[in-house]
Amino acid sequence: MHQGSGILSTRQRRLAWLGFLLAALQAPVSAWLVADESWLFSLCVALMVATVIIADDAARRRPADATSD
């Protein structure tokens, strides 16, 4: 049984993880430094990148010969 290929290349996956970590770390820092609620944007970006990483992980775990419905 072969593993399926993901939607991201290895380099894109590493950059997605880096972007997720930076956005996730920037949100609490900006919440502490800025009085308005602009830190929520960083949180939303981190959640969107995490969704792409999860989708790529699911695609990689699917067998290569599995058909999509």
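**Some points on the side chain of Asp56**
Inference 1: When you line up the elements, Asp56 lands in helix H2 (residues 39–61).
Inference 2: Among the polar contacts listed, one links the side chain of Asp56 to the side chain of Arg60, at a separation of 2.8 Å.
Inference 3: Leave out the neighbours within four places in its chain, and Asp56 touches Gly6, Ile7, Leu8 and Arg13.

**Details of the UniProt feature "transmembrane region" (unreviewed entry) in the chain**
Inference 1: Per the UniProt record, the feature "transmembrane region" (unreviewed entry) sits at residues 15–33 and 39–55.
Inference 2: When the span residues 15–33 is considered, its composition is 100% helix and 0% strand, and the gap between its end C-alpha atoms is 26 Å.

Rules used throughout
Residues numbered from 1 in each chain as written. Predicted model: local features only at pLDDT ≥ 70, side-chain atom pairs only at ≥ 80, totals over all residues. Heavy atoms only, no water. Helix = DSSP H or I, 4+ residues; strand = E, 2+ residues; numbered from the N terminus. Polar contact = N/O pair within 3.5 Å; in protein donor to acceptor, adjacent residues only side chain to side chain. Contact = heavy atoms within 4.5 Å. UniProt positions renumbered as here; feature names shortened; annotations may be inferred.

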